[in-house]
Each structure stands twice: as C-alpha cells, then as structure tokens.
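Survey of secondary and tertiary structure
Chain by chain, the residues run as shown.
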Amino acid sequence: MRHIAIIGSGPAGYYSAEAAQKKFGEDVRVDIIDRLPVPFGLIRFGVAPDHQSIKAVSGRYEKVALSENVRFVGNVTVGKDVSVDELQDLYDAVVLATGAPDDRKLDITGGDLPGVFGSAAFVGWYNGHPDFADLEPPLDGKHVAIIGNGNVALDVARILSKTRAEFGGSDIVSHALDVLETSSTEDITILGRRGPHQIAMTPKELGELAHLDRATPRVDLRDLPDTGEDALLEPGMRKTVTHLREFAAIPEAYRADKQISINFDFFAAPVRIEGDGKVERIIVERTKLDDQLRSVGTGETYEIGCSMVISCIGYQTPSIEGVPYEHGRGRFANVDGRILPGLYCVGWARRGPTGTIGTNRPDGYTVIDAVAEDIGEGAGKAGRPGLDALLDKRGVQVVKFSDWKKIEEAEIARAREGAPREKFVRIEDMIAAGG
C-alpha cells in the first residue's frame, strides 16, 4: 500500500489526488491536508463570487473527495500542528499543493500606508476568507487606483463597480456586499506599465466591463497602436484589444448616465504612494516600450488623488521551514516537481502563479507519474493511522469531508434570497457548523 499526503485542498491538490487514484487504483491512500476547515482553496476564496460557473468545477473535486481512498483532513496547519519532516516519516510521498496565496510585495515608497491592499487580501475580503474578514477597506473616497493589467485587476474593478442587484446569484459575503453598497467610488483607475498589446487580460473577462449597470470603461485613443498592428496578435489577444478599441469609442453622452468610470491608464508605472497617515495620492511615471517591449521610464510624472490602492501584481507561495525555496520566483525550488527525496510540489507551488485552474490537471498527473517512479510499491509506512494518532495526541480537532458537507448545508440554509450560500467567515463558526 502506498501512502501519499497532499498539502492543500485547492485545484492542484485534488487533481493530484485524482491522478493518484487513476495511477494506483485501490493500492493508495491519499490524505489531503488543509489548514482551513473548508476545502477547495482558490475555487472558494480566489474565483470571483459572480463567476459561479467557474466555481462549479468543485463538483469534480467532490467526486474524488468522496472516494474511499481519499480523505480530507481540514483544520490542520503544516508547520504548527505537524511538520513536513513528520509527514515524510509517515507517508511515502508528500506533495505540496499550497498554491500561491500571498501577495507579491508592492516595493515602492508608501506601499505600506493604510489604504494600500494586495489583491489576495482584498479578494479574500469579499470572498469570505477568514484571514481577511476584518479588512475594512476605505470605500468612502471617490477614487480607487488598481495596479496591474491582469484578470485579477478586472475582477477587483468589476466588484467595486457593481450594484447590489448585479450581485444576484453570486456568493459574495454579506459583510462585503453591505459595505460595497454604500461605497462613494466614482473613478477607478487601472494602471499598467506597458501598453494595450501587452496586457494579460482575457477577452471574456474584459468584455464584462461593457455590461455594468452603473459603470463604463474608458480608454484613451492615444494609447492604442495603429489598427493594422492588431493583425500580428494571436486571436484571443486580438479580441481583447478589440474590446479596448470599443471602450475608446464609447460616446460621452452614454457615459453621462453612468456613476462610475473605469479608466485604463497604459504606459503608467507607480513610483510612490503619498498621504498623511493614509493613502491620499499615487505618483505615476509615464513609460514607453524599448526594443524588447520592456517598459522604461520617461521621467514624466503625474498624480492621481485616491483614498485606496489595490495592488494586483501577482502572488507567491509561502515558504515552509526546511523546504528549499526560490525567493525570486515565489515558489518551492524543484526540478519537474521534485524538491527532495519523497517531497514534491504541484500547481502554483511548483510553477509560480501562472496558468488557469485547468492547467493544474496535467501538472498533477505529471507529478504523480514522478511519485510512482520514485516510491514503487511503497515502503510500509504508517500513513493515515499514524497521522491520526499524532494529531490526536496533540489535541488537534480534525475536520473531515463529512463535517464539511454539514458546513456547506448550513451555508446554503443561511443564504440570502437568490444566493447559493452565505459563507462562514470565522473558523470557529465553521467548526461549530460541522459538528
């Protein structure tokens, strides 16, 4: 019998468990360990609450979780309740599927002022992550600046712009919905260091900005390249840029009826954030592209008055004591998923924060192939019973998948009208609901 521990219950974790089932059949036992009492990681806390069709992939993970040879072990913190070394003593393979939940640091002067938030924190706040339930973002100002040109920046801008009615059918948590409803926001500026041809936004997500009830996007025609240059782009990117051209063509008469303007500032690099004890303005330098399409400063600066800055510049995997780590890339040091003998990583913990949810599936299967090559028939380790004995000795209250189903039932029961659920945002409330 082979024993595998997977740390992290997000997409990478469950795809790896699915791969282990298909690879080893009944000759494997997989424990998926998570520090939270609820599974699914990025699906629950990262995917936008108004993108319910994407969240539906959790049904596939549930099928894996309900199998006899896969177990969810929630409310267990690796590094505190049990160490990686101890897990390696108990399991033939330990797979780190911790994702990249930490924000990349905004390394500019004033980046630590009150009113500056990373996207992990802000997204976690409106998605009900226990770590960020008490965030209290200042939404009493008229202008918000968002740094970054990817889909997370779009998510943040869209969530800030929607009316309460537009959140119908979403699972945005009530504490965020209530605050957003009283927001004074009139302008949202999305800052990108490079130009329209270099953004990392996808056409579907970008196109959503054109259909908001009280907000409209704005693009400066002068920032757009000649139309003929679009022919060199791959089809998806060409469609994205087409949306930007459509935004630039929106007539002012149409904008007059909208309360919020979502402004795209291209060729704009944040230099510093200023304010007396809180965010009051962001200083931005105009950039241009060099021959390698890198942004370089022009020396020309301007300021944007704002009460909040949200940095959407990427994520990194948190380090774990004793596990080799690449600080420059924000991931575990590995070669094709192998870190050390018996220790592996998968998903964003392996690659860094790149790719979609679906990218984690082939990644999980590749890492399990490496596990199979390395561990053979298994070494007769204690596995699941050994972990249970250790956690019981330490008084750790484990949350099983059957407990999670009770939590889920309680969240569905307490949902506001039209919403799929009302998430618990306190760990103690989750545990209580799970019995």
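Below is a short write-up of the structure. (Residues numbered from 1 in each chain as written. Predicted model: local features only at pLDDT ≥ 70, side-chain atom pairs only at ≥ 80, totals over all residues. Heavy atoms only, no water.)

The topology assignment puts G383 in helix α14 (residues 383-393). For G383, a relative accessible area of 0% gives the class buried. Along the backbone, G383 and E411 are 28 residues apart, and their C-alpha atoms lie at a distance of 32 Å. The contact partners of G383, leaving out residues within four places of it in the chain, are H3, L90 and Y91. (Helix = DSSP H or I, 4+ residues; strand = E, 2+ residues; numbered from the N terminus. Buried < 20%, exposed > 50% of the residue type's maximum accessible area, 1.4 Å probe, protein only. Contact = heavy atoms within 4.5 Å.)

Counting buried positions along strand β1 (residues 2-7) gives six out of six residues, so the element sits mostly inside the fold. Burial of β1 is two-sided: the residues R2, I4 and I6 facing one way and the residues H3, A5 and I7 facing the other way are all buried. Relative to strand β2 (residues 28-33), β1 runs parallel, the two sharing six bridges. Each bridged residue has a counterpart across the sheet, and for I7 the counterpart in β2 is I33. Between the parallel elements β1 and β2, the chain passes through helix α1 (residues 11-24) in a crossover that is right-handed. Both β1 and strand β4 (residues 93-96) contribute to a ladder of four bridges, which runs parallel. By the bridge assignment for β4, I7 is matched with L96. (Pairing = 2+ DSSP bridges. Right-handed = clockwise from strand over helix to strand, strands pointing away.)

A word on the sheet that holds strand β14 (residues 308-311). If you walk across this open sheet you meet the six strands as β6-β14-β7-β8-β10-β9, and the pairing is parallel. Only two strands of the sheet have a single neighbouring strand rather than two, namely β6 (116-118) and β9 (215-219). When the angles between neighbouring strand axes are averaged without regard to direction, this sheet yields 20°. The sheet contact formed by strand β7 (residues 143-147) and strand β8 (residues 187-191) spans five bridges and is parallel. Following the sheet pairing, I146 is matched in β8 by I190. Packing against the sheet, helix α6 (residues 119-127) makes contact with β6 and β14, and its axis sits at approximately 80° to β6. Each of β9 and β10 (260-265) touches helix α10 (residues 235-248); the most contacted strand, β9, lies at about 100° to it. (Axes fitted to C-alpha atoms, helices over the stretch in contact; angles between N-to-C directions.)

Counted under the stated rule, the structure contains 13 aromatic pairs. Between F40 and W404, the aromatic rings sit 6.1 Å apart at their centres with planes inclined by 90°, giving edge-to-face as the arrangement. Taken together, the positions of F40 in the loop between β2 and α2 (42-45) and W404 in helix α15 (residues 401-413) put the pair 364 residues apart, joining distant regions of the chain. Of the two residues examined, F40 and W404, each falls in the buried class. (Phe/Tyr/Trp six-rings, centres within 6.5 Å; stacked < 30°, edge-to-face > 60°.)

Spatial ordering of the open sheet is given by β3-β2-β1-β4-β19-β18, a layout of six strands whose pairing is mixed. Each edge of the open sheet is held by one strand with a lone partner, namely β3 (70-73) and β18 (338-340). Sheet twist, expressed as the average angle between the axes of neighbouring strands with direction ignored, equals 25°. Where α14 meets the sheet, it contacts β1, β2 and β3, and its direction lies at approximately 15° from that of β3.

Where α6 meets helix α7 (residues 151-161), the closest approach of the two axes is 11 Å, and the angle between their N-to-C directions is 45°. Here α6 lies oblique to α7, going by the angle between them. In terms of crossing hand, the pair formed by α6 and α7 is left-handed. Across the interface between the two elements, S119, F122, V123 and Y126 from α6 touch V152, D155, V156, I159 and L160 from α7. Residues belonging to the contact of α6 with α7 are distributed by class as follows: seven nonpolar, one polar and one charged. (Parallel < 35°, antiparallel > 145°, perpendicular 65-115°, else oblique. Left-handed = near helix turned anticlockwise from the far one by under 90°. Nonpolar A, V, L, I, M, F, W, Y, C, P; charged D, E, K, R; others polar.)

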